[in-house]
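Summary of the model geometry
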Amino acid sequence: MTKVLMVCLGNICRSPLAEGILKSKILGSNVFVDSAGTGAYHVGEQPDTRSIAIANSKGIDIADQKARKFTVKDFDLFDVIYVMDNSNYKNVISLARNNQDASKVKLILNEVFPNENLDVPDPYYGGEFGFKNVYNMLNEACEVIAKKIN
Ligand code: 4NP
């Protein structure tokens, strides 16, 4: 079983979308995908309506997800922790207890653009283009990830 965690700041815009997209590309039952946020602002909430809408338009239902906060225990529960941007990276790495924890944390766009350390931009305060853009980036990255773990 490969366990993958998607992490952003609020766990309502980017990481729920990443979770939904990756799940849609998983073929068997040997992969577990979840998402979390480094901030607690939206804990218990469902994803942002704009993330739900862009996912729906691609045939992916993420409406049942509930935001939760990333915890140190996630280092034990997951094999790979994909963060959306460099700020998430700093926040998650700051909680790592050892090198093994730290080695699990990867910027998701490095799957598409290795070593470039690019951000999936936070679309929270932007318009709809932001969410389409985020969807396209995450879709490309999840395609690469799915090929690796399927
Ligand atoms: P996310 O977007 O990290 O992609 O879920 C955000 C959602 C909410 C906030 C920030 C980012 N916020 O500050 O409330």
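Only a predicted model underlies this, so the values are computations on that prediction, with no experimental measurement involved.

Rules used throughout
Residues numbered from 1 in each chain as written. Predicted model: local features only at pLDDT ≥ 70, side-chain atom pairs only at ≥ 80, totals over all residues. Heavy atoms only, no water. Near = heavy atom within 4 Å. Polar contact = N/O pair within 3.5 Å; in protein donor to acceptor, adjacent residues only side chain to side chain. 1 Å grid on protein atoms, 1.4 Å probe; cavity = no way out; pocket = protein on both sides within 12 Å on 5 of 7 lines; lining within 4 Å. Sits in = over half its atoms within 2 Å of the grid points. Nonpolar A, V, L, I, M, F, W, Y, C, P; charged D, E, K, R; others polar. Helix = DSSP H or I, 4+ residues; strand = E, 2+ residues; numbered from the N terminus. Buried < 20%, exposed > 50% of the residue type's maximum accessible area, 1.4 Å probe, protein only.

So, on to the site of the ligand. The immediate surroundings of the ligand are formed by Cys 8, Leu 9, Gly 10, Asn 11, Ile 12, Cys 13, Arg 14, His 42, Asp 122 and Tyr 124. Between the ligand and Leu 9, the relevant distance is 2.9 Å, taken from an oxygen atom to a main-chain nitrogen or oxygen of the residue. Separating an oxygen atom of the ligand from a side-chain N or O atom of His 42 is a distance of 2.8 Å. More than half of the atoms of the ligand fall within 2 Å of the grid points belonging to the largest pocket. For the shell around the ligand, the class distribution of residues is five nonpolar, three polar and two charged.

A separate point is the environment of Leu 77. Tracing the backbone shows Leu 77 in helix H3 (residues 74-77). The exposure class assigned to Leu 77 is partly exposed, which follows from its relative accessible area of 39%. Through-space distance from the C-alpha of Leu 77 to that of Asn 56 is 29 Å; in sequence the pair is 21 residues apart.

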